[in-house]
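Fold and contact review
These are the residues of each chain, in order.
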Amino acid sequence: MTAFTGTGSLARLIVRRDRVLLPIWMLFLAVLPLSLASGTATLYKTDAERQGYINDLGSSPLLLLFYGPKPSDPNLGALIFWRAATGMVIMALIGVLFVIRHTRVEEEAGRRELLGATVVGRHAAVAAALATMTGASLIVGVLVALGMISQDTPAAGAFAMGLAWAFAGILFGAIGAVTAQLSEGAGAARGIGIAVLGISFGVRGAGDVTSGLSWLSWISPLGWIYNVHAYAGDHWWVFGVIIVATLAITALALRLSARRDVGAGLLPPRLGPASAAPSLSSPLALAWRLHRGSLFGWLVGLGIVGGLLFGGVAKTSADLLADNEELTKIMQRIGGASGAADVFLAGTLGLGAIAVAAYGISAALRMRTEEAALRSEALLATGVSRLRWAASHLVFAFLGPTVVMLVTGLAAGLFYGATTGDIGREVPRVLGGALVQLPAIWVLAALTVAVFGLAPRRAPAIGWAALSVCVVLGQIGAALQLSQALLDVSPFTHIPRVPGGPVTVVPLLILTVITVALVAAGLAGFRRRDVPVT
């Protein structure tokens, strides 16, 4: 028996547990650059048109922060590698969260210790999580490359781009393996991992935006991936740097894992007070303590940063009309330059709403987490009723997304209004476009609540599967020419295209009624079933 005994078996277990979500996010990420390339190739057919598009987008420091330095070659592949750079950030985030989920979360739940009592080596869990993430990332990379080749781009650039996407997940998966060793809590491990990604993104962005500080990109792990420059030089040697760094970080993770006890972290936990503060005397106060970190993260990450990005790019999307006759004709039919900005805002706010729905589902699933960890049973043994305990978490499952979308709409409206010089007009319009998404978000959170009450073991799988279906139908449903009846399965299909389009109240009321019915069914089931169901 060696330290890696059982790695293959644990990897197969990970694949079995994630057999639904794993293929969905892989397919979604693989399709993103393909859909972007297909649309861009139709609108910008020549190098001159694409260069004008690059110059317009590259004139905004905010966009350079997100996309990186402008490509030196205006070919289609280089443009897509640049415009789809945020996909690599998503790959990195998934890498961190995936590895923590299958290492630290397993330890926190006690399953790692149970498996460790069998013929499983000390490093098998970390190795299995990294191996699975590596395999999934490489599959995404191959699919990205094949998709770009289908758009008549050079094969060398396509595979350079695919490898860049793959190594974003692999490299940050290794970083997630290190952060999983530091804290005994999965929440803290995720926080540290996301903070490392955020710092890497910020350092890389500062190097790309600030003149004379381009060297900063080379001290950021995310900067290495951006500097592959697929289709514009194909810096293959950068992959050597990434591979060496990944191996070194993996070796560090394994070494740290060997220096600690199972279930413990290298950083000592902070001891709490001997008695609870008066502010924790109610279920709602405890729920606030449990949900506040996630809520603040979404407020900053999507509400403020995302809102500013949406508002900043909206003005640029209108400016692009001047250099593209075909796009001008399309937009003149829906309102000219302002129509272009409205279409962009409606589309991006819709994408933001799907992301916020993930927060709503996660907040609703906190009830299942507390029950499975046997913490809810202790609270319900006191004078706290089941409905009161559940309501404390539902506040964050429904009001939390409302606050995030409110902040997103305000930030986007203020930034866009400032660029157009008409804040008073744009803020209400953009804010309305954000808030109109709420009924669809609530439906997914309510579905999760209903399954939690009726079949709690299936709540995580059904909640995330429902979101995945909405993502697939919304992003590639039209491209696959799916029937309208199938597209209507997603609640986001029924949301009015605001700003710019008419507001139809009936679909919003129907979605709200469905939300109320699902929550009522979930609470009724929760009152009648056993607690806990583990």
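Rules behind the numbers
- Residue numbers restart at each chain and count upward from 1, following the sequence in its written direction.
- Where local features are concerned, this predicted model is filtered to residues with pLDDT of at least 70; where side-chain atom pairs are given and counted, the filter is 80 or more; whole-chain, interface and lining totals use all residues.
- Side-chain metrics rest on all non-hydrogen atoms present in the structure, leaving aside hydrogens and water.
- Secondary structure follows DSSP: runs of H or I at least 4 residues long count as helices, runs of E at least 2 residues long count as strands, and numbering of each begins at the N terminus.
- All radius of gyration figures rest on C-alpha atoms, and the globule criterion is 2.2 Å times the number of residues raised to 0.38.
- Throughout, a contact is declared for two residues whenever any of their heavy atoms are within 4.5 Å.
- pLDDT is defined as a per-residue confidence score from the predictor, taking values between 0 and 100.
- Between Lys or Arg on one side and Asp or Glu on the other, a salt bridge is scored when a side-chain nitrogen of the former is within 4 Å of a carboxyl oxygen of the latter.
- Only protein chains enter the calculation, and the probe is 1.4 Å; a residue is then buried if its accessible area is under 20% of its type maximum, exposed if over 50%, and partly exposed in between.
- Like charges are joined within 9 Å and nonpolar side chains (Val, Leu, Ile, Met, Phe, Trp, Tyr) within 5 Å, but only among residues with over 30% relative accessible area and no salt bridge; these make up the patches.
- Here the Shrake-Rupley method, with its probe set to 1.4 Å, supplies the accessible areas, and only the displayed protein chains count as covering residues.
- Helix axes use the C-alpha atoms of the stretch in contact, all axes being lines fitted to C-alpha atoms, and the angles between their N-to-C directions lie in the range 0 to 180 degrees.
- If an angle is under 35 degrees, it is roughly parallel; if it is over 145, roughly antiparallel; if it lies from 65 to 115, roughly perpendicular; otherwise it is oblique.
- The sense of a crossing depends on the near helix, which, turned anticlockwise from the far helix by less than a right angle, makes the crossing left-handed and, turned clockwise, makes it right-handed.
- Nonpolar residues are Ala, Val, Leu, Ile, Met, Phe, Trp, Tyr, Cys and Pro. Charged residues are Asp, Glu, Lys and Arg, and all others, Gly as well, are polar.

Notes on the overall build of the chain
Assigned secondary structure in the chain consists of 23 helices and zero strands. Its C-alpha radius of gyration of 24 Å places the chain within 12% of the 24 Å reference for a compact globule of 534 residues. Dimensions of the chain, computed from the C-alpha atoms along their principal axes, are close to 70 × 55 × 45 Å. Of all intrachain contacts in the chain linking residues separated by at least 6 positions in sequence, the fraction that spans at least 24 positions is 77%.

A word on unusual backbone geometry
Here V498 and P499 are connected by a cis peptide whose omega angle stands at 5°. Structurally, P499 can be placed in the loop between α22 (484-487) and α23 (505-528). The step from V531 to P532 runs through a cis peptide bond, and the omega angle for that step is 0°. Looking at where P532 falls in the secondary structure, it is placed in the segment after α23. Phi is positive for D234, close to 45°, though the residue is something other than glycine. With respect to the helices, strands and loops of the structure, D234 is situated in the loop between α12 (221-226) and α13 (237-258).

Examining the confidence of the model for the chain
This prediction gives the chain a mean pLDDT of 86; 93% of its residues lie at or above 70. Confidence drops under pLDDT 50 across residues 331-337; counting only partners more than four residues distant or on other chains, this segment forms ten contacts.

Here we look at the side chain of R104
For R104, the position within the fold is in helix α7 (residues 104-108). Beyond its immediate chain neighbours, meaning those up to four positions away, R104 contacts A180, Q181, S183, E184, G185, A186, A189, R260, G263, A264 and G265.

A word on the pattern of salt bridges
In a structure, side chains of opposite charge can pair up when their charged atoms sit close to one another. Inspection of every chain in the model, using the stated rule, returns 13 salt bridges. Residue R50 is joined to D47 by a salt bridge in which the shortest nitrogen-to-oxygen separation is 2.6 Å. Taken together, the residues span about one helical turn, with R50 and D47 both in helix α3 (residues 47-58) at a distance of three residues. The class for D47 is partly exposed, based on a relative accessible area of 41%. Here E106 and R111 are joined by a salt bridge, their closest N and O atoms 3.0 Å apart. With relative accessibility at 37%, the residue R111 sits in the partly exposed group. Salt bridges linked by common partners bring R17, E106 and R111 together as one network.

Details of a nonpolar patch on the surface
There is a patch of nonpolar side chains on the surface, built from I139, V142, L143, L146, I149, F159 and W236 and spanning about 590 Å² of accessible area. Top element by residues in the nonpolar patch is helix α9 (residues 124-149). It accounts for five residues. Among the residues examined, V142 registers a relative accessible area of 41% and is labelled partly exposed.

With respect to the packing of helix α10 (residues 155-182) against α13
Each pair of packed helices can be described by the angle between their axes along with the distance between the axes. Taken N-terminus to C-terminus, the directions of α10 and α13 make an angle of 20°; their axes are 9 Å apart at the nearest point. In terms of their interaxial angle, α10 and α13 are classed as roughly parallel. Note that α10 runs across α13; the crossing there is left-handed. Where α10 abuts α13, its residues A160, L163, A164, F167, I170, L171, A174, I175, A177, V178, Q181 and L182 lie against F239, I242, I243, A245, T246, I249, T250, L252, A253, L256 and S257. Of the residues contributing to the contact of α10 with α13, the split by class is 19 nonpolar, four polar and no charged.

Notes on the environment of P491
Looking at the element boundaries, P491 is found in the loop between α22 and α23. Take P491: its relative accessible area is 7%, and that puts it in the buried class. Separated by 20 residues in the primary sequence, P491 and L511 have C-alpha atoms spaced 7.3 Å apart. When neighbours within four sequence positions are excluded, P491 is seen to be in contact with A440, V443, C470 and L511.

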